Amino acid sequence: SADFPVLFAGTPYANAPVSVQQSTLRKAQSLLASRGFYRDIVDGLPGPATEEALLTFQRASRLTLTGRLDVETMNELRLAPKSSQFSVGGSRWSLRIYRGVWVDR
């Protein structure tokens, strides 16, 4: 979906395969639902209910209000990978979190 790069802007997931994006969003929706922020179908697809849940969660957590799964929000939801490897366009790259920020290694 064209919404995934926007939802994950500024994170390694912005250019990740769609299957990785959907899986990550499904986890986020499930976590948000378990905390009472998301009340729609956990389907791994971005939409208005997901954006509203993210905004409400960000407000409650005193994060910057973006309505996206940005680095800060993913860290707060404990969704940020400690170490991840993605294969994009045939080239492999690895990312690590250093002082709360994803870095290319």
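Residues numbered from 1 in each chain as written. Predicted model: local features only at pLDDT ≥ 70, side-chain atom pairs only at ≥ 80, totals over all residues. Heavy atoms only, no water.

Trainee: Sorry, what's going on with the overall build of the chain here?
Mentor: Counting secondary structure elements, the chain contains 4 helices and 3 strands. In the chain, the succession of helices and strands from N to C terminus is α-α-α-α-β-β-β. Per-residue burial over the chain gives 37% buried out of 105 residues. For the chain, the proportion of contacts with a sequence separation of at least 24, taken over those separated by at least 6, is 34%. By element, 50% of the accessible surface of the chain is carried by carbon and sulfur atoms, the whole surface being about 6,100 Å². (Helix = DSSP H or I, 4+ residues; strand = E, 2+ residues; numbered from the N terminus. Buried < 20%, exposed > 50% of the residue type's maximum accessible area, 1.4 Å probe, protein only. Contact = heavy atoms within 4.5 Å. Areas by Shrake-Rupley, 256 points an atom, 1.4 Å probe, with all protein chains shown as cover.)

Trainee: Which parts of the structure should I look at to understand helix α3 (residues 48-60)?
Mentor: Along an α-helix, residues three or four apart share an orientation, since each turn contains 3.6 residues. Its 13 residues give α3 an end-to-end C-alpha distance of 18 Å, which sits within 8% of 18 Å, the value for a rise of 1.5 Å per residue. Within α3, the full set of buried residues consists of Thr50, Ala53, Leu54, Leu55, Phe57 and Gln58. Among the structural elements, α1 (3-7), α2 (18-34) and α4 (71-76) are those in contact with the buried residues of α3. Immediately downstream of α3, the backbone of arginine 62 shows phi near 60°, a positive value. (Expected span 1.5 Å × (residues − 1).)

Trainee: What is the right way to look at the layout of surface pockets in this model?
Mentor: Where empty space is left can be seen by rolling a probe of water-molecule size over the atoms. Its boundaries defined by the atoms lining it, the largest pocket holds a volume of some 150 Å³. Taken together, Asp3, Val6, Leu7, Pro46, Gly47, Thr50, Glu51, Thr66, Gly67 and Arg68 make up the full set of residues lining the largest pocket. Mapped onto the lining of the largest pocket, the elements with two or more residues apiece are α1 and α3. When its residues are assigned to classes, the lining of the largest pocket shows 3 nonpolar, 4 polar and 3 charged. (1 Å grid on protein atoms, 1.4 Å probe; cavity = no way out; pocket = protein on both sides within 12 Å on 5 of 7 lines; lining within 4 Å. Points joined across faces, edges and corners; volume = space filled by probe spheres on them. Nonpolar A, V, L, I, M, F, W, Y, C, P; charged D, E, K, R; others polar.)

Trainee: Looking at this structure, how should I read the packing of aromatic side chains?
Mentor: By convention here, two paired aromatic rings are described through the distance between centres and the angle between planes. A complete count under the given rule lists 3 aromatic pairs for this structure. Taken together, a centroid distance of 5.5 Å and an interplanar angle of 45° make the contact between phenylalanine 8 and tyrosine 13 tilted. Both residues of the pair, phenylalanine 8 and tyrosine 13, belong to the buried class. For the pair phenylalanine 37 and phenylalanine 57, a centre-to-centre distance of 5.4 Å together with 85° between the ring planes defines the contact as edge-to-face. Of this pair, phenylalanine 37 sits in the loop between α2 and α3 while phenylalanine 57 is found in helix α3, placing the two residues 20 residues apart along the sequence. On the accessibility criterion, phenylalanine 37 (22% relative accessible area) is partly exposed. Members of the aromatic cluster, connected to one another through ring pairs, are Phe4, Phe8 and Tyr13. (Phe/Tyr/Trp six-rings, centres within 6.5 Å; stacked < 30°, edge-to-face > 60°.)

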